[in-house]
Amino acid sequence: MTTIRTIQGDTWDKISLRVYGSENFMDKLIAANMDHRKKIIFNSGDVVNVPEIDTEAALINKSLPPWKL
């Protein structure tokens, strides 16, 4: 797991887009940062844990209906 420092005005979806290339991984970021879970807008310099995710596989699985997983 790596970490990043936030930029003033960052939100979970912006961080997910910047790190993973998609907003679809906000839930993974929040789960890895329970101490920040109630934040909506970040200040500059907050440290956020970034879990390693196989984004390609995860996005493919999200596009499939549940009976095809």
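Refer to the structure above for everything that follows.
Here's what I pulled together on the structure shown here. (Residues numbered from 1 in each chain as written. Predicted model: local features only at pLDDT ≥ 70, side-chain atom pairs only at ≥ 80, totals over all residues. Heavy atoms only, no water.)

**Quick notes on the packing of aromatic side chains**
Point 1. For the structure on display, the rule yields two aromatic pairs.
Point 2. Note on tryptophan 12 and phenylalanine 42: the rings are 5.0 Å apart at their centroids and 85° apart in plane angle, and the pair reads as edge-to-face. Here tryptophan 12 is found in helix 1 (residues 12–20), whereas its partner phenylalanine 42 is found in the loop between helix 2 (26–32) and strand 2 (47–50), with 30 residues between them in sequence.
Point 3. Aromatic pair tyrosine 20 and phenylalanine 25: ring centres 5.4 Å apart, planes at 65°, arrangement edge-to-face. (Phe/Tyr/Trp six-rings, centres within 6.5 Å; stacked < 30°, edge-to-face > 60°. Helix = DSSP H or I, 4+ residues; strand = E, 2+ residues; numbered from the N terminus.)

**A look at the nonpolar core**
Point 1. Within the largest apolar cluster, eight residues are counted, these being Trp12, Ile15, Tyr20, Phe25, Leu29, Phe42, Val48 and Val50.
Point 2. When residues of this core are traced back to their parent elements, those giving at least two are helix 1 and strand 2.
Point 3. At three residues, the largest contribution of residues to this core is made by helix 1. (Core = buried A, V, L, I, M, F, W, Y, C linked by side-chain atoms within 4.5 Å. Buried < 20%, exposed > 50% of the residue type's maximum accessible area, 1.4 Å probe, protein only.)

**A word on the pairing of strand 2**
Point 1. Alternating residues of strand 2 divide into Val48 and Val50, all buried, and Val47 and Asn49, none buried.
Point 2. The pairing of strand 1 (residues 2–5) with strand 2 spans four bridges and is classified as antiparallel. Of the residues in strand 2, the one forming a bridge with threonine 3 is asparagine 49. (Pairing = 2+ DSSP bridges.)

**Overview of the pattern of salt bridges**
Point 1. As enumerated under the stated definition, the model contains two salt bridges in all.
Point 2. We note a salt bridge from arginine 18 to aspartate 10, for which the minimum N-O separation is 3.0 Å.
Point 3. With relative accessibility at 39%, the residue arginine 18 sits in the partly exposed group.
Point 4. Note that aspartate 46 and lysine 39 form a salt bridge whose closest N and O atoms lie 2.8 Å from each other.
Point 5. On the accessibility criterion, aspartate 46 (15% relative accessible area) is buried. (Salt bridge = Lys/Arg side-chain N within 4 Å of Asp/Glu carboxyl O.)

**Brief notes about helix 1**
Point 1. Among the residues of helix 1, Trp12, Ile15, Ser16 and Tyr20 are the ones counted as buried. When helix 1 is viewed along its axis, its buried side chains cluster within an angular range of 100° and face the same direction.
Point 2. Just downstream of helix 1, glycine 21 is the residue with a positive phi angle, here 85°. (Arc of directions from axis to C-beta.)

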